[in-house]
Amino acid sequence: MDPDCTRHYCYLKTRDQIIEKPQFSSAIKTILFDMDGVLVDSISSWRHVHTHFCTNNDASVDAYVRGKISDEEFIRRDVSQWKKNGRLIYKKELVTIFSSVNMMIGARSLIDTLKLYDVRLGIVSAGIDILANKVGNLLDMDFVYANQLETDDYGRLTGEGIVNVPLMRKDVVVDRIAKRFGLLKGEIAAIGNSCFDIPLLRSVGLGIAFHPDDDCISKGADVVVSEKNLENITRVLIPYLNKK
Ligand SMILES: [Mg+2]
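Here the structure is a predicted model, which is why all the values come from computation and not from measurement.

Visitor: So, the overall build of the protein: which residues are in play, and what are the values?
Guide: When helices and strands are tallied, the protein shows 10 helices and 9 strands. In terms of overall dimensions, the protein is globule-like: its C-alpha atoms have a radius of gyration of 18 Å, near the 18 Å expected for 244 residues. Summarising its shape, the C-alpha atoms of the protein cover approximately 55 × 35 × 35 Å along the three principal directions. When each of the 244 residues of the protein is scored for burial, the buried share is 41%. By sequence separation, contacts in the protein at least 24 residues apart represent 59% of the contacts at least 6 residues apart.

Visitor: Any chance you could break down the packing of helix α1 (residues 45–53) against helix α4 (residues 91–98) for me, citing the residues and the numbers?
Guide: Interaxial distance between α1 and α4 falls to 10 Å at its minimum, and their mutual angle equals 95°. Classified by the angle between their axes, α1 and α4 sit roughly perpendicular to one another. Here α1 contributes His48, Val49 and His52 to the contact with α4, which in turn contributes Leu94, Ile97 and Phe98. Across the contact of α1 with α4, the residue classes break down as 4 nonpolar, 2 polar and no charged.

Visitor: Any details on the environment of Phe24? Residues and values, ideally.
Guide: You can see Phe24 is positioned in the segment before β1 (30–33). Separated by 62 residues in sequence, Phe24 and Gly86 place their C-alpha atoms 52 Å apart. If we skip the residues at most four places from it in the chain, Phe24 touches Gly186, Gly205 and Leu206.

Visitor: Provide a residue-level description of the confidence of the model for the protein, including the pertinent values.
Guide: Of all residues in the protein, 96% have pLDDT values of 70 or greater, and the mean over the chain is 93. In this model, residues 1–5 is a region of pLDDT below 50 whose contacts with residues beyond four sequence positions or in other chains number 7 contacts.

Cut-offs used in this document
- Residues numbered from 1 in each chain as written.
- Predicted model: local features only at pLDDT ≥ 70, side-chain atom pairs only at ≥ 80, totals over all residues.
- Helix = DSSP H or I, 4+ residues; strand = E, 2+ residues; numbered from the N terminus.
- Rg over C-alpha atoms; globule rule 2.2 N^0.38 Å.
- Buried ≥ 20, exposed ≤ 12 C-beta atoms within 10 Å, placed from the backbone.
- Contact = placed C-beta atoms within 7 Å.
- Axes fitted to C-alpha atoms, helices over the stretch in contact; angles between N-to-C directions.
- Parallel < 35°, antiparallel > 145°, perpendicular 65-115°, else oblique.
- Nonpolar A, V, L, I, M, F, W, Y, C, P; charged D, E, K, R; others polar.
- pLDDT = per-residue confidence, 0-100.

This is the structure we're talking about:
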C-alpha cells in the first residue's frame, strides 16, 4: 500500500495479516454501511465533538495508527478532553452536539429503495454509538455496530469506552456479523469512504468506495462511486438484490 496516498501514517503497515477476499456471490443478502462520511456528512463523529470543544486528537490519532496505543486508550485520550467546569460532560450533551450533523445527500432515497428488496441493512462504524443509533433509527436500519462511551449512574461520561468496532479492524466485525446471521462473506456488500474501511471492503464480496477520502480506499474497493450522493450507489447494488 502506498503510504503517500493517505494523510496519516499507513496503519496497514502495523498489520501482519492480509485479508483474503471472499468469492463474490451474485446474491447480496446484507449491506454494511460505514457512518462518518457515508451515511452522515461529517468526516468523523469524534472530530465533530472535538470541534465543539475546540480540542483535537491529532497526537492520539498518530499514536494509534502507528500501533502504539489501543482502541481503548485512543477513546480514553479523546474523552478526557471533553470537560465542562473541569468535569467530564454528561452523555446527553453529546446528543445535543450531534444534532447539528446532517444526513448524507441521497441517504434516505437509497435506503427507501433498498427496503423494497430482501436485504438486511446495518451500520458498522468506529464512531460514537449515540450518533450511530440515531442514524440507525432514522433510516430504519436492521442493526448497528459502533463504539460506546461508558457513563456513571448519573449519565456522566466516565472516560472509558466500550470498543465494539476497532477502527483498524472492521474485518473482525464482518466475521461477527457473518456468524450472527449465518452468511457467507461473499453475500455481503459494504460501503466505506476512507482508508480505515479497507479491511471492511476487503472482507466482503462487494466493496464499494463512496466519495473516497483518499486513494487507498479507491484502490481497495471493487467499485468506486465518486459523486457525493448516495443515490448513485443504487445502480451498483440493485443487480445483486432479490425483490421481497
Ligand atoms: Mg468514514
